[in-house]
Amino acid sequence: MIPFPSIQIRQQYGKIGIDADLGQYTIRQPKATLEIQTTAAQLEIESPPMEFEVDQNRAWDAINGGKYERFNNRIYSQMPDILLEGIALMVEKGNRMAAIHVRTNAIADSAESAQYNHAKVQYFGPASFDNVDVYITTHKPIIRMIEGGVDIYSRPNRPEIEYERGKLDIYMRQYAQLEIIPPQVDTKR
């Protein structure tokens, strides 16, 4: 038998090469922008003046009798005692005269006692080292406080994003190939 001639086919596939690097992101986030407004606290202090009063009435009473009204009231207030004292002296004088038989010189003794027994009217007030009265009235301070404050406004800033592309190279690493080998034909026969 004669071998049957056959065709040989050799095939090589094409290969594609890809060289790729990934892209790179750069992201920056700026800090937020802050606006701060402050209102200062206020402190108001109101200090009412103190009241200072000096009462010298008793000192003037001791020096010159004081004001006219006080001077007259002082004398007038002593009159009931002076009246009673005068009545008592008259009674005593009457008793002496009535006892004229006991005493030998009752009229002379009565005249002598009348010379020294006068009513003693106090025209001036009592003298003293503390006749001047001083009154001091203080007041608490009025304190008002107005609170301050802080207002904060925040504005976020957008992120800054940058992208750097990677490389992408596509090339033929191996080309496709087809080889056909014909059979050897014996041409001698």
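My aim in this report is to walk through the structure given alongside it, one point at a time.

About the thresholds
- By convention here, each chain's residues receive numbers from 1 onward along its written sequence.
- The model is predicted, so local features are restricted to residues of pLDDT at least 70 and side-chain atom pairs to those at 80 or more, both for listing and for counting; the totals for chains, interfaces and linings are taken over all residues.
- Note that water and hydrogens are dropped before the side-chain values are worked out from all heavy atoms of the structure.
- The patch calculation keeps residues exceeding 30% relative accessible area without a salt bridge and links them within 9 Å when they carry like charges or within 5 Å when they are nonpolar (Val, Leu, Ile, Met, Phe, Trp, Tyr).
- Accessible areas in this description were obtained via Shrake-Rupley with a 1.4 Å probe; residue shielding takes into account the shown protein chains only.
- Within this document, salt bridges are pairs made up of a side-chain nitrogen of Lys or Arg and a carboxyl oxygen of Asp or Glu, the two lying within 4 Å of each other.
- Segments assigned H or I by DSSP are reported as helices when at least four residues long, segments assigned E as strands when at least two residues long, and all are numbered from the N terminus.
- Whether two residues touch is decided by their heavy atoms; if any such pair falls within 4.5 Å, the residues are in contact.
- To sort residues, take the accessible area from a 1.4 Å probe on protein chains only and compare it with the maximum for the residue type: under 20% means buried, over 50% means exposed, and anything in between is partly exposed.

## Brief notes about a nonpolar patch on the surface
A cluster of nonpolar side chains, contributed by Ile-16, Ile-18, Leu-168, Ile-170, Met-172 and Tyr-175, occupies part of the molecular surface with about 690 Å² of accessible area. Mapped onto the nonpolar patch, the elements with two or more residues apiece are strand 2 (15-20) and strand 11 (168-174). No other element matches strand 11, which puts 3 residues into the nonpolar patch.

## Describing the environment of Gln-42
Mapped onto the secondary structure, Gln-42 falls in strand 5 (residues 42-46). As for Gln-42 and Met-145, which are separated by 103 residues in sequence, their C-alpha atoms are 5.8 Å apart. Residues in contact with Gln-42, not counting those within four places in the same chain, are Arg-144, Met-145 and Ile-146.

## A short note on the pattern of salt bridges
All chains considered together, the criterion is met by 9 salt bridges. Across the pair Glu-160 and Arg-28 runs a salt bridge whose closest N-O atoms are separated by 3.2 Å. Of this pair, Glu-160 sits in strand 10 (residues 160-164) while Arg-28 sits in strand 3 (residues 24-28), and the two are 132 residues apart along the sequence. Accessibility expressed as a relative area gives 38% for Glu-160, which makes it partly exposed. Residue classification places Arg-28 among the partly exposed positions, given a relative accessible area of 41%. Two residues, Glu-35 and Arg-155, come together in a salt bridge whose shortest N-O distance is 3.7 Å. One end of the pair, Glu-35, is in strand 4 (residues 33-39); the other, Arg-155, is in strand 9 (residues 149-155), with 120 residues separating them in the sequence. Residue classification places Glu-35 among the partly exposed residues on the basis of a relative accessible area of 41%. Here Arg-155 falls in the partly exposed class, since its relative accessible area comes to 47%.

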